[in-house]
Amino acid sequence: MNKDKILKLAKGFRGRSKNCIRVARERVEKSLQYAFRDRKAKKRDMRALWIQQINAGARQYGVKYSSLISGLAAQNVGLNRKMLSELARTEPLSFKALVDQVAHMRGLSAPHAGAALK
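Residues numbered from 1 in each chain as written. Predicted model: local features only at pLDDT ≥ 70, side-chain atom pairs only at ≥ 80, totals over all residues. Heavy atoms only, no water.

**A word on the overall build of the protein chain**
Scanning the protein chain for helices and strands turns up five helices and zero strands. When the helices and strands of the protein chain are listed from N to C terminus, the series reads α-α-α-α-α. Against the 2.2 N^0.38 benchmark of 13 Å for 118 residues, the protein chain shows a C-alpha radius of gyration of 24 Å, more extended than a compact globule. Expressed as lengths along the three principal axes of its C-alpha atoms, the size of the protein chain is roughly 70 × 30 × 15 Å. A total of 118 residues make up the protein chain; the buried ones form 23% of that total. Here the analysis covers contacts within the protein chain between residues at least 6 apart in sequence; of these, 53% occur between residues at least 24 apart. Summed over its atoms, the accessible surface of the protein chain is roughly 8400 Å², and 52% of this surface lies on carbon and sulfur atoms. For the protein chain, the distance from the average position of its 26 positive side-chain charges to the average position of its 8 negative side-chain charges is 3 Å. (Helix = DSSP H or I, 4+ residues; strand = E, 2+ residues; numbered from the N terminus. Rg over C-alpha atoms; globule rule 2.2 N^0.38 Å. Buried < 20%, exposed > 50% of the residue type's maximum accessible area, 1.4 Å probe, protein only. Contact = heavy atoms within 4.5 Å. Areas by Shrake-Rupley, 256 points an atom, 1.4 Å probe, with all protein chains shown as cover. Lys, Arg positive; Asp, Glu negative; His and termini not counted. Charge placed at Lys NZ, Arg CZ, Asp CG, Glu CD.)

Structure follows, in structure tokens:
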């Protein structure tokens, strides 16, 4: 990278890291490594959050997360975890319909189904 681009990327850094080209080059390279690493970590963190939200929503109706996901896969329901977590948070009745469908297919009874929405 040329000097101007490095110093532009180093804007906002502290000390000599923002204006001394040798130090700025090292800090910019490291910051780009952190950015690359953390873009991957953000995806992992979001997926873990979605799974927790789905699990919490499913357990309100007496079904475990793993049973819900495998049941939805067996029925060829094409909702991903992001959409399932959105349903669990914002549309509890729609999510309950999915959980009831899986529970019915698996032969499970949902003991908390009526109490969760009252």
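Back to the text.
**Focus: a positive patch on the surface**
On the surface, Arg39, Lys40, Lys42 and Lys43 cluster together to form a positively charged patch. Relative to the elements of secondary structure, lysine 42 occurs in helix 2 (residues 21-60). (Patch = residues over 30% accessible without salt bridge, like charges linked within 9 Å, V, L, I, M, F, W, Y side chains within 5 Å. Salt bridge = Lys/Arg side-chain N within 4 Å of Asp/Glu carboxyl O.)

**Thoughts on helix 5 (residues 92-106)**
Its 15 residues place the ends of helix 5 21 Å apart at the C-alpha level, agreeing with the 21 Å of an ideal helix rising 1.5 Å per residue. All of the buried residues in helix 5 are Phe95, Lys96, Leu98, Val99, Val102 and Ala103. Along the axis of helix 5, the buried positions cluster into a sector of 160°, meaning they face one direction only. Residues of helix 5 that are exposed and point over 90 degrees away from its buried face: Leu93 and His104. (Expected span 1.5 Å × (residues − 1). Arc of directions from axis to C-beta.)

**Considerations on the pattern of salt bridges**
Scanning the entire structure with this criterion turns up three salt bridges. The shortest N-O distance in the salt bridge between arginine 89 and glutamate 86 comes to 2.4 Å. Of this pair, arginine 89 and glutamate 86 are both found in helix 4 (residues 81-90), three residues apart, which corresponds to roughly one turn of the helix. Exposure remark for arginine 89: the relative accessible area of 49% places this residue in the partly exposed category. The exposure class assigned to glutamate 86 is partly exposed, which follows from its relative accessible area of 32%.

**A few points about the confidence of the model for the protein chain**
Looking at the protein chain, the pLDDT average stands at 90 and 91% of residues meet or exceed 70. The weakest mean pLDDT in the protein chain belongs to helix 5 at 91; the strongest belongs to helix 2 at 97. (pLDDT = per-residue confidence, 0-100.)

**Some remarks on the nonpolar core**
In terms of nonpolar packing, the biggest core is built from 16 residues, with Ile54, Leu68, Leu72, Leu84, Phe95 and Val99 touching the most fellow members. Listing elements by their share of this core, those giving two or more residues are helix 2, helix 3 (65-74), helix 4 and helix 5. The leading source of residues in this core is helix 5, at five residues. With near-sequence residues (within four places) excluded, leucine 68 lies in contact with Ile54, Ala58, Val63, Phe95, Val99 and Val102. (Core = buried A, V, L, I, M, F, W, Y, C linked by side-chain atoms within 4.5 Å.)

**Thoughts on a nonpolar patch on the surface**
A surface patch of nonpolar side chains, about 280 Å² in accessible area, is lined by Met1, Leu9 and Leu32. Inspection of the secondary structure assignment puts leucine 32 in helix 2. For leucine 32, a relative accessible area of 42% puts it in the partly exposed group.

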